[in-house]
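Structure at a glance
Given next are the chains, with one letter for each unit.
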Amino acid sequence: GEEEKDGQQEEQLFSIIADIQKKITDAFEVFDHECNKTVDVREIGTIIRSLGCCPSEGDLHDMLAEVEEEEPTGYIRLEKFLPMMTKVLMERRYRPVPEDVLLRAFEVLDANKCGHLTKEELVKYMTEEGEPFTQEEMEEMLSAAVDPETNTVRYRDYITMMVVDES
Amino acid sequence: MGCGTSVTGSRAKKSERAIKAAILIQRWYRCYMARLEMRRQYALSIFQSIEYAEEQAQLQLSSFFTFMLHFTHLNETDTDLISHFLNSPSDFNTAGSDVQLLEYERMIVVPDSYHGPRLSFPLTVADTNSLLHAFKDQQHLHARYVLQLLHETKKVLKQMPNIIHLSTSYSKEITICGVAWNWMIFAIFYKNGLPSEENPYLFNGDFVDRGKNSIEILIILFAFLLVYPNHLHLNRGNHEDHIMNLRYGFTKEVMKKYRSHGKRILNLLQDVYSWLPLATVIDSKVLIVHGGISDTTDLDFLNLFKRNKMKSVLRPPKSSTERNHDQERTEFVDSPIIRVKRCLPGQDFAAKGMTRPSSSSSHRRRHTSDLLDVGEHRWLLHDGINSGPLLEAQYLDSSVRMPNVPSELTAKEWKQVVDILWSDPKNQNGCTPNKLRGGGCYFGPDVTARLLKRYNLKMLIRSHECKQEGYEISHDGQVITIFSASNYYEDGSNRGAYLKLNPDLIPRFVQYQVSKCTRKQTLHQRVSVVEWSALKSLREKLYSQRSELIAAFRQYDPNYTGRISATEWASAVESVLHLDLPWRTLRSRLVQLAPDGSVEYLSCFNDLEIEPAIKEVQPALVETLYRYRTDLEIIFNIIDKDHSGLISIEEFRQTWKLFNSHLKIDIDDESIDNLAHSIDFNKDGSIDFNEFLEAFHVVNKFENK
C-alpha cells in the first residue's frame, strides 16, 4: 500500500537522477578531449548552458568556485562537476529567460518606445553595461539582429526569429 | 521626496533597470550561443566518428583481399579471379625495364585538338604557370604529360633519402601545410605566394582522396617539385597509398578522367608514392611527419631501409624470422590490423554475443573496446609452428592459416612506417595502439619527450587530424598539428591553417576559412549547415544497418510494443554501430519520442528508403548491397581488368559468392543468379557495375527529386 507507493516514488526519483547524471556526463564528455574525465575550465560555461541553464557570468563564477580545485589547475574534473550540476538541475536553478521577459528587457532599453533600437544603442548597452560582451560576441549578435534595410534592431522580430531557430 | 532627489533617484532607478535588462539580454544571448556551440561540437564528432569508422572498414577490406588469395576451397577459376585481387598491376610490371621519357612521346600521341598545357621537360616556371592557369579553367592535363611528369618525379624522388634534412639558413621562412587538398592549395598559393627559391614549402602528406581534383593537385605539386627540387618538399601521408585510393575515390577519379591511360598512370603513381620521403627534419631541430610517432620509432632505422618496398600500408609484411622475442612480440600483438566481426542483416543479435547492458560510454572518440571484446581478432604472425612462415588470421568464427603473402617488407620496417603515417597524439602518457584508426599508435607527451631528447630535437610537426582552428599545439608545445583543409567535412565545419617557420624555429600560424557564401553568415546558419549534413550522414549510417539495429532493439522489446527506453536505445545503437557518440543527446534529432519519454525506435528509419536498381530484388538483398556497396565497387573495379566499367556475368556471380562466404551472408545462389541476369539489361552477358551500384543509394522519401 503506502510503502509500495513510497518505494515506487523512490525508484522514480532515482531514475530521474540517473537520467540527469547521464545527460550531464554526455555534455561533459564532448569537451573531454583526452578522455580522462576533465575539461578545460573555459568550456564549463558552454557545458552548463547547453544543459538548459541560463546563468549570468556572475552565477557561473559562483558555480566554478564550487568545482575548481583548491589550487586551480585550469581543468575541472567530472567528479566535482557532476554533483554540483545534478543539484542545479534538480533544483531547477538558472532557468532560461522566457520570451516575454526578454521582450520587456529590450523595451527597457528602448527609451523612446519606438519598437526598435539603433545599432549604436545596442552596442553601447551590450559592451558597456551589465556583463559586457566581447567584440566577437557583439559582432555575432549584430550579424543576426540588425535589419539590413533599416540598420536598426527590430527586437521583436529578432526575438521571434531566435526562438524559432532554437526549436 | 523633493524634486531634485526624485530626479536623481528616478534616473538612478532607470539606470539600474537598464543594467538589469542588459544583463538579462546578455545572459540569454550567451546561453543561446553556448547551445549552438554544443551543436557544432556534436556535428563534428559525428563526422569524425564516421570517418574513422570508414578507415577501419578499409582495413577490413584489405584483410578480405588477403583472405581471398588463400581461400583453399576454391577451384581453379576462382583462384584465377582471386589472384586479380591482390596482384596489383605493378606486380606484373616488367620490373627491370625503365621506360625512357621519350618513349612516352612515341607511345602516346597528343592530338592537335588538345588545347591544354603542353609540358616540356625539364620543366620551368612557364610550365607551372600554364598548369595553374589551365586548372583554374577546369582543364585536364593530357595523359602523356601526366606520365612524363610522374616519370620525372619518380627519378627525382629516388635520389632523396628517406628522411630529408633541410636548413632555414638561406631562406627567410618555410611554409608548412598539412592535408591541403582540392583547391585549398590555390588559396594558399594566392595568400602566401607561389613556391620558389625565396618561398619554400613543405606539404605534409595527404594530397589526394578528397574532392574531385586530386590528380590536378598532384600534378601541380610534382611540377613545382621538378622546378624547385630543393624548395618544394613532400612528405608521404597515409593517403599516398593505392589501396586507400581505391576506397576514397582517387582511383575512380583517375580512371574517369583518363580512361585508357588511367591504369598506367595509377601504376606509375604507385611507384611515385613509394618513393615519397617519409619524414623531414629542419635545422636538425624540427621533425615533420604526417601522422606521428610511437615508442619504438627509430629514426636511424627509418632512414636506412629501402622505403619503396612499402607499396601499401594495407599489405601485411612478411613474418620476420630474425626476431628478438621481447620487442617484436609486442609489435605483433599490437599489430594494428584488427578484424571486426560483422553482424549480418537479419542475423540473430543475441547469438553473436553482442548484447550490451547499459553501455558505459567511458571513453569518447578514442576507445573502441566494444570492437575488441568480440573475439579480439588480430593478425598474428607466427614463426611457423608446424612448417614455414604462416599467416594466421582470425576469420569470423575460426582461425585460418595460410601461406604468407609475399611482401618485401619486414614486420619492423612495416610498423615503423605505419607508426609515422597513422599515429595520433594523446594527452596522457604512454603509447597504445590506435584502435580508432586501426593503424599506428596514440602517443603521449612522455613518448614525444623521449624521442625529442634522443635525437636532440625541439619539436614535432604533424598533420593527419582535422582541427577546428586549423592547427593545435599539444604536449606542452612539443607537438604541433597543422591541418590546411578548411571545410574538411562540410562548408563551415572548420578553419584551415598553415605554418610559417623562420630560422628561429618559432612557428607562426596563418588561419583561413574558405566559404561558398560571399555574404557573411551568422553562426547559427553556419552551424545549421554543418549539423544538418552530419545528421544526414548519421541517419544514412543508421539506415544501412537497419536490420541489425532492429534486432538489437527487439532484444529490449520482446512484446513488440515498438518502444524502448532512451537508455536502452542508446545502448543498442552504440553496440551495433560502434560509433562513440553522445547518443542520448542526439536522440531527439534522430528518432521520435513517445509522450512518456520512451523511444519509438522504428521512427529513425521513417524518412529514408533505399532505391533499388531492380524491382524484383528482395529487400534483404537490397539492404546488403547498399551496406557493402563501397566494398563491392572496389572489388568490381579490380576485376574489371580493362577498366571498361563492365564485368561478365560469370565474374559478377563469382565475386558475389565469394563475398557471401566472407561475410556468411545468407543469400542463396539462385537469388544471385536471378539478380545477375536481371542486371544484364541488354542481355549481352556483361554488367555495367557502376550504374548498378550507383542505383543502390539511400534517398530521402520526401526530398524533391
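Residues numbered from 1 in each chain as written. Chains lettered and ligands numbered in written order. Predicted model: local features only at pLDDT ≥ 70, side-chain atom pairs only at ≥ 80, totals over all residues. Heavy atoms only, no water.

**Section: the overall build of chain A**
- When its secondary structure is counted, chain A shows eight helices and five strands.
- Expressed as a percentage of its 167 residues, the buried residues of chain A come to 40%.
- Of the roughly 9,500 Å² of accessible surface on chain A, 49% is carried by carbon and sulfur atoms. (Helix = DSSP H or I, 4+ residues; strand = E, 2+ residues; numbered from the N terminus. Buried < 20%, exposed > 50% of the residue type's maximum accessible area, 1.4 Å probe, protein only. Areas by Shrake-Rupley, 256 points an atom, 1.4 Å probe, with all protein chains shown as cover.)

**Focus: the sheet that holds strand E5 (residues 152–153) of chain A**
Residues and elements named next belong to chain A.
- Here we have three strands laid out as an open sheet, ordered E3-E5-E4, and antiparallel in their pairing. Across the chains shown, the open sheet's two edge strands, defined by having one partner strand only, are strand E3 (117–118) and strand E4 (146–147).
- The pairing of E4 with E5 spans two bridges and is antiparallel. In the sheet register, Val-146 faces E5, and the bridge partner there is Val-153. (Pairing = 2+ DSSP bridges.)

**Remarks on the UniProt feature "domain: EF-hand" (unreviewed entry) in chain A**
- As annotated in UniProt, the feature "domain: EF-hand" (unreviewed entry) corresponds to residues 19–54 and 97–132 of chain A in the numbering used here.
- Secondary structure over residues 97–132 of chain A splits into 58% helix and 6% strand, and the C-alpha atoms at its two ends are 18 Å apart. (UniProt positions renumbered as here; feature names shortened; annotations may be inferred.)

**A look at the pattern of salt bridges**
- A full pass over the atoms with the stated rule returns 31 salt bridges over all chains.
- The salt bridge involving A:Arg77 is made with A:Glu79; its shortest N-O contact spans 2.2 Å.
- Classification of A:Glu79 by relative accessible area gives exposed; the value is 60%.
- Ionic contacts of the salt-bridge type, sharing partners, join the residues B:Asp424, B:Arg462, B:Glu465, B:Lys467 and B:Glu472 into one network. (Salt bridge = Lys/Arg side-chain N within 4 Å of Asp/Glu carboxyl O.)

**Some points on the interface of chain B and chain A**
- Chain B puts 40 residues into the contact, and the matching count from chain A is 47 residues.
- Regarding the contact of chain B and chain A, the summed buried area is about 4,400 Å², with carbon and sulfur atoms giving 61% of it.
- Interface area lost by chain B to chain A is led by B:Trp28, B:Tyr29 and B:Arg30, which between them contribute 17%.
- In this assembly, chain B and chain A are joined by two salt bridges.
- B:Arg30 is the salt-bridge partner of A:Glu137, the closest N and O atoms lying 3.0 Å from each other.
- Remark: the boundary between chain B and chain A carries ten residue pairs in polar contact (both at pLDDT 80 or more). (Contact = heavy atoms within 4.5 Å. Buried area = accessible area lost by both parts, 1.4 Å probe. Polar contact = N/O pair within 3.5 Å; in protein donor to acceptor, adjacent residues only side chain to side chain.)

**Describing the nonpolar core**
- B:Leu141 and B:Phe203 are the most contacted members of the largest nonpolar core, which totals 75 residues.
- Every residue in contact with B:Leu141, bar those within four places of it in the chain, is listed here: B:Tyr114, B:Pro117, B:Leu119, B:Leu131, B:Phe135, B:Val146, B:Ile219 and B:Tyr258. (Core = buried A, V, L, I, M, F, W, Y, C linked by side-chain atoms within 4.5 Å.)

**Points about the pairing of strand E14 (residues 459–462) of chain B**
Residues and elements named next belong to chain B.
- The alternating pattern of E14 places Met-459 and Ile-461 and Leu-460 and Arg-462 on opposite faces, both of which are buried.
- Where strand E6 (residues 286–288) meets E14, three bridges bridge the pair, whose relative direction is parallel. Paired with Ile-288 across the bridge in E14 is Ile-461.
- Bridging between E14 and strand E16 (residues 479–482) involves three bridges; their strand directions are parallel. For Ile-461, the partnering residue across the bridge sits in E16 and is Ile-480.

**Things to note about the confidence of the model for chain B**
All names here are of chain B.
- Residues at a pLDDT of 70 or more form 68% of chain B, whose mean pLDDT is 73.
- Below a pLDDT of 50 lies the segment residues 69–97, which in the model reaches 44 contacts outside its immediate sequence neighbourhood of four places, other chains included.
- Of the regions scoring below 50 in pLDDT, residues 320–406 engages in 205 contacts with residues more than four places distant in sequence or in other chains.
- Across the interface, the model reports ipTM at 0.93; the global pTM reads 0.66. (pLDDT = per-residue confidence, 0-100.)

**Overview of helix H7 (residues 214–227) of chain B**
- Taking 1.5 Å as the rise per residue, H7(B) with 14 residues should run 20 Å; its terminal C-alpha atoms sit 20 Å apart, in good agreement.
- A large share of H7(B) lies buried, amounting to 14 of its 14 residues. (Expected span 1.5 Å × (residues − 1).)

**With respect to the sheet that holds strand E21 (residues 599–600) of chain B**
All names here are of chain B.
- Taking strand neighbours across the sheet as the criterion, the three strands line up as E19-E21-E20 in an open arrangement whose pairing is antiparallel. Edge positions in the sheet fall to strand E19 (563–564) and strand E20 (592–593), since each of these pairs with one other strand and no more.
- Pairing analysis gives two bridges linking E20 to E21, with the strands arranged antiparallel. Bridged to Leu-593 within E21 is Val-599.

**With respect to the side chain of A:Thr46**
- In this fold, A:Thr46 is placed in helix H2 (residues 44–50).
- By relative accessible area, which is 14% here, A:Thr46 ends up buried.
- When residues no more than four places from it in sequence are discounted, the contact partners of A:Thr46 are A:Phe31, B:Ala34 and B:Glu37.

**Details of the packing of aromatic side chains**
- Counted under the stated rule, the structure contains 19 aromatic pairs over all chains.
- A centroid spacing of 6.4 Å and a plane angle of 25° characterise the contact between B:Trp28 and B:Tyr32, whose relative ring orientation is stacked. With a gap of four residues between them, B:Trp28 and B:Tyr32 both fall in helix H1 (residues 3–70), about one helical turn apart. In terms of burial, B:Trp28 and B:Tyr32 fall into one category: buried.
- Ring centres of B:Tyr471 and B:Phe509 lie 3.8 Å apart, and the angle between their planes is 10°; on these two criteria the pair is classed as stacked. Of this pair, B:Tyr471 sits in strand E15 (residues 471–474) while B:Phe509 sits in strand E18 (residues 507–512); the two residues are 38 residues apart in sequence, bridging distant segments of the chain.
- Grouping aromatic residues by their ring pairs yields a cluster made of A:Phe106, A:Phe133, A:Tyr155, A:Tyr158, B:Trp28, B:Tyr29 and B:Tyr32.
- Across the ring face of A:Tyr125, the terminal group of A:Lys124 is positioned such that the distance to the ring centre comes to 5.1 Å.
- The ring of B:Phe301 carries the charged tip of B:Lys412 above its face, separated from the ring centre by 4.4 Å. (Phe/Tyr/Trp six-rings, centres within 6.5 Å; stacked < 30°, edge-to-face > 60°. Lys NZ or Arg CZ within 6 Å of the ring centre and 35° of its normal.)

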